[in-house]
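# A closer look at the structure
Each chain, written out:
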Amino acid sequence: MTTDVADQMSAFLAALWQGGGSALSTFPFSRRGMGNLDETALTYLLESEEITDAAFWNRVVKMISLPVLLRTPTTDTGNLQHLMRQAIQLWNSRVCMIVPGMADATTSPWRWEVKTGQLILQTPRFQIQVAQSRRQLPQGEEAPLPRLDEVRSRADRFGIPLTALRMVVTDRHIGYGGPGYDISHDTRLDGISDALGQPEGVIEADARIASGAILQCMFGHRVASARGARTQVPLDALLGTATRLLSDLTDDEAEKITQLLGAQQPLPGQPWSQPSFDDL
């Protein structure tokens, strides 16, 4: 073998060695560049015979990263499903998008796949697409804006703290926010519709996750992204919060999302604070 091919095969075998529970220091061949798996070695692993051992994948996932996975040409293999069960709580990303409809007839629901540089979770009614930046996601068609009471109901259902809202009534935009605490139960929100005399559509909501980071959730585009130029947030919090807030989930869908992504994590206790109202 050439040196490059030999290194790739050795990295693949070293991954199996470590995944099986052995220390890399005991691997019986040269360990040049074996600290992590590259996309070629990872592809070999994902497309090999299915390995169901959760402990194996828990070790392997620490040797790779989401950007490496997004560069692999793999699809929706069984090993990818096992990998993602471990990775969802360990990896970070920045942005995700809810896309209505099935990708194609060959994709099974409730499975992960990698396609054109995106990590995708396919459900029966929509896809959740994950990327490292907004530019890597499709434009998509604009969705109808939910009303304020719908957004508050979703937030209440899953315990999602909302720290700011941006709404529209005809050609008037309204912003409502506070110093970072949950404003979804503020009594002043109850009077917005009465004061304006017309139903309001929610353009955007800021949701705080358990790590303390803020997700900017845009309902028209069905996109959630971490606030801050380089902020990365845990995948389970990013996808779970976006799906629960941007979608009207059935009880069965909500249960399945919990199985795949984990439950919505509550924030640590914090004092209540009176928010401000700003007419933008």
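Structure's up top.
Residues numbered from 1 in each chain as written. Predicted model: local features only at pLDDT ≥ 70, side-chain atom pairs only at ≥ 80, totals over all residues. Heavy atoms only, no water.

## A word on the state of the cysteines
So the rule is basically this: The term disulfide is used for any two cysteine sulfur atoms that are within 2.5 Å.
Tallied over the full model, the rule gives 0 disulfides. C217 provides the cysteine sulfur closest to C96, a residue in no disulfide bond, and the two sulfurs are 7.9 Å apart.

## A few points about the pairing of strand β7 (residues 172-177)
Both faces of the sheet carry side chains from a regular strand, because those side chains alternate between them. Test applied: Strand pairing follows a simple DSSP-based rule, namely that at least 2 bridges must link the two strands. Only DSSP runs of H or I reaching four residues or more are called helices, and only runs of E reaching two or more are called strands; each is numbered from the N terminus.
Pairing analysis gives 6 bridges linking strand β6 (residues 162-169) to β7, with the strands arranged antiparallel. In the sheet register, M167 faces β7, and the bridge partner there is I174. The loop that links β6 with its antiparallel partner β7 comprises 2 residues; one of these, T170, has a positive phi angle of about 50°.

## Some thoughts on unusual backbone geometry
Applied cut-off: Only protein chains enter the calculation, and the probe is 1.4 Å; a residue is then buried if its accessible area is under 20% of its type maximum, exposed if over 50%, and partly exposed in between.
The backbone of T116 sits at a positive phi, close to 45°, despite the residue not being glycine. With respect to the element layout, T116 can be found in the loop between β3 (111-115) and β4 (118-122). In this structure, R222 is a non-glycine residue whose phi angle is positive, near 55°. Secondary-structure assignment places R222 in the loop between β9 (214-218) and β10 (223-226). For R222, a relative accessible area of 22% translates into the label partly exposed.

## Topic: the nonpolar core
Test applied: Throughout this description, the term nonpolar core refers to a set of buried Ala, Val, Leu, Ile, Met, Phe, Trp, Tyr and Cys residues connected via side-chain atoms within 4.5 Å. Whether two residues touch is decided by their heavy atoms; if any such pair falls within 4.5 Å, the residues are in contact.
Core analysis: the biggest nonpolar cluster contains 67 residues, and L69, W91, L119, L165, L239 and L245 have the highest contact counts within it. Non-local contacts of L239, meaning those with residues more than four positions away in its chain, are made with I88, C96, W112, I128, V130 and L261. Core analysis: the second largest hydrophobic core is formed by 6 residues, V95, A131, L137 and V223 among them.

## Here's the deal with the side chain of T72
Short version of the rule: In the analysis that follows, any N or O atom pair within 3.5 Å is treated as a polar contact, provided that within protein one partner can donate a hydrogen and the other can accept it, and provided that, for residues neighboring in sequence, both atoms belong to side chains.
In this fold, T72 is placed in the loop between α4 (66-70) and α5 (78-87). At 2.7 Å, the side chain of T72 and the backbone oxygen of L69 are in polar contact.

## As for the packing of aromatic side chains
Selection criterion: The criterion for an aromatic pair is that two Phe, Tyr or Trp rings (for Trp, the six-membered ring) have centres within 6.5 Å, with stacked assigned to planes under 30 degrees apart, edge-to-face to planes over 60 apart and tilted to the rest.
A complete count under the given rule lists 1 aromatic pair for this structure. A ring pair is formed by F56 and W57, whose centres lie 5.1 Å apart and whose planes are at 90°; its orientation type is edge-to-face. Of the two residues, F56 and W57, neither departs from the other in class, the shared state being buried.

## Some remarks on the pattern of salt bridges
The condition that has to hold: What makes a salt bridge here is a side-chain nitrogen of Lys or Arg within 4 Å of a carboxyl oxygen of Asp or Glu, nothing more.
Counted according to the given criterion, the structure contains 8 salt bridges. Two residues, R166 and E204, come together in a salt bridge whose shortest N-O distance is 2.5 Å. With R166 in strand β6 and E204 in strand β8 (residues 201-208), the pair connects residues that are 38 residues apart, well separated along the chain. By relative accessible area, which is 23% here, R166 ends up partly exposed. For D206, the salt bridge is made with R166, and the minimal N-O distance between the two is 3.1 Å. Taken as a pair, D206 in strand β8 and R166 in strand β6 lie far apart in primary sequence, 40 residues in all.

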